[in-house]
Amino acid sequence: MALQILLWLFVSLLGVIVVVMVTPIHVVLSWQNGPAKRALILLHLFGGVSPAIRVYDSSKPAKKDKKPARKPRKRKARKTAGQGWMARGNILSEAVTLLRRVLAAIHIDVLQLDAELGLGDPAETGQLYGQLCPLIYASGGHVRIRPNFERACLQGTALAKFHFTVLGLFWPFVRFGWRVFGPMK
């Protein structure tokens, strides 16, 4: 009887893990820097129907560790010849491919940015604003950045809502690992 209960608990846990891996996870990122500063990250599991899980909230005070910090132990460096993982191929091009596939697996629902940006030097501010223009005009969201040529500042609000599946993010990393560290041909 106890073995059946453990088996059913294991099967139920495995089912929940599979459901979390294949259903979309909705993420809400919110940032405000102006009169009040706040950053917030929320997760909604199971296709967005679960209650919000607060991952980070800058308005909450940070928890303090009660344990005193231990001194790190000094480790002796081992010299190994020919042991360990050997990367093959062009890691940089594979990393770019990985980044492209991860970004393709993330679906942006809402992107809103309203900010005032200044670097203190008018020439540098104009140069940065010019480099941000592709983001402003090609993002598909509501992005508004106002350059401030008089003083250094970063003020505004941002809101991003996107969703992804864990399985959709998992396969690009598996492919990257196989192409970089997999068996030699």
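I will try to describe carefully the structure that is included in this document. Along each chain, residue indices are assigned from 1 in the same order as the chain's sequence is written. Predicted model: local features are reported for residues with pLDDT of at least 70 only, side-chain atom pairs are reported and counted for 80 or more only, and whole-chain, interface and lining totals are derived from all residues. Values shown for side chains rest on all heavy atoms present in the structure; no hydrogens or waters enter the calculation.

### Focus on the overall build of the chain
We count it as follows: What counts as a helix is a DSSP run of H or I of at least four residues, what counts as a strand is a run of E of at least two, and both are numbered from the N terminus. A 1.4 Å probe rolled over the protein chains alone gives each residue an accessible area, and that area as a share of the maximum for its type sets the label: buried under 20%, exposed over 50%, partly exposed in between. Contacts: residue pairs with any heavy atoms within 4.5 Å of one another. For the area figures, the Shrake-Rupley method with a 1.4 Å probe applies, and any residue is considered shielded solely by the protein chains shown.
Helices and strands together make up the secondary structure of the chain, namely 4 helices and 6 strands. In sequence order, the secondary structure elements of the chain are arranged as α-β-β-β-α-β-α-β-β-α. Evaluated residue by residue, the chain yields a buried proportion of 20% over its 185 residues. In the chain, once contacts between residues fewer than 6 apart in sequence are set aside, the share between residues at least 24 apart is 66%. Approximately 14,800 Å² of the chain is accessible, and the part contributed by carbon and sulfur atoms is 64%.

### Re the nonpolar core
Where we set the bar: The nonpolar core is taken to be a set of buried Ala, Val, Leu, Ile, Met, Phe, Trp, Tyr and Cys residues, with the residues joined through side-chain atoms within 4.5 Å.
Of all hydrophobic cores here, the largest spans 11 residues; its members are I25, V27, L45, L98, V102, A105, F162, F164, L169, F176 and V180. For this core, the secondary-structure elements that each account for two or more residues are strand 1 (25-33), helix 2 (91-105), strand 6 (152-164) and helix 4 (166-181). For V27, the contacting residues outside a window of four places in its chain are I41, L42, L43, A160, K161, F162 and F164.

### Examining helix 4
The following threshold applies: A helix's residues, less one, multiplied by 1.5 Å, set its expected span. When we speak of the arc, we mean the arc of directions from the helix axis to the C-beta atoms.
An ideal rise of 1.5 Å per residue puts 22 Å on 16 residues; helix 4 measures up with 22 Å between its terminal C-alpha atoms. Within helix 4, burial applies to L169, P172, F176 and V180. One side of helix 4 holds all its buried residues, which, seen down the axis, span an arc of 65 degrees. Turned more than 90 degrees away from the buried face of helix 4, the exposed residues are W171 and W178.

### Thoughts on the pairing of strand 4 (residues 107-119)
Side chains on a regular strand alternate between the two faces of the sheet. What counts is decided by this rule: Strand pairing requires that DSSP identify at least two bridges connecting the strands. Orienting the strands away from the viewer, one traces the path from the first strand over the helix to the second; a clockwise path indicates a right-handed crossover.
Alignment of strand 4 against strand 6, held across 12 bridges, turns out to be antiparallel. Of the residues in strand 6, the one forming a bridge with I108 is F162. Strand direction decides the pairing type here: strand 4 and strand 5 (residues 142-147), joined by 6 bridges, are parallel. Bridge pairing in strand 5 links E116 to R146. On the question of chirality, the crossover connecting strand 4 to the parallel strand 5 by way of helix 3 (residues 122-138) is right-handed.

### What about helix 3?
Selection rule: One fitted axis covers the seven residues ending at a residue, a second covers the seven starting there, and the bend at that residue is the angle between these axes.
Taking 1.5 Å per residue as the helical rise, helix 3 with its 17 residues ought to reach 24 Å, and the 24 Å between its terminal C-alpha atoms agrees with that figure. The largest bend in helix 3 amounts to roughly 40 degrees and is located at L132, with the proline P134 lying one to four residues further along. Looking one or two places after helix 3, you find G140, whose phi comes out positive at around 80 degrees.

### Focus: the pattern of salt bridges
To keep things clear, this is the line we draw: Think of a salt bridge as a Lys or Arg side-chain nitrogen and an Asp or Glu carboxyl oxygen that are within 4 Å of each other.
Applying the stated criterion across every chain yields a total of 6 salt bridges. Between R175 and E94 there is a salt bridge, and its shortest N-O distance comes to 3.9 Å. Here E94 lies in helix 2 and R175 lies in helix 4, a separation of 81 residues in the sequence. R175 sits in the partly exposed class, given a relative accessible area of 30%. Overall, the relative accessible area of 11% leaves E94 in the buried class. Between E94 and R179 there is a salt bridge; the shortest N-O distance is 3.0 Å. Of this pair, E94 sits in helix 2 while R179 sits in helix 4, placing them 85 residues apart in sequence. R179 gets classed as partly exposed once you look at its relative accessible area, which sits at 38%. Members of the salt-bridge network, linked through shared partners, are R38, R54 and D57.

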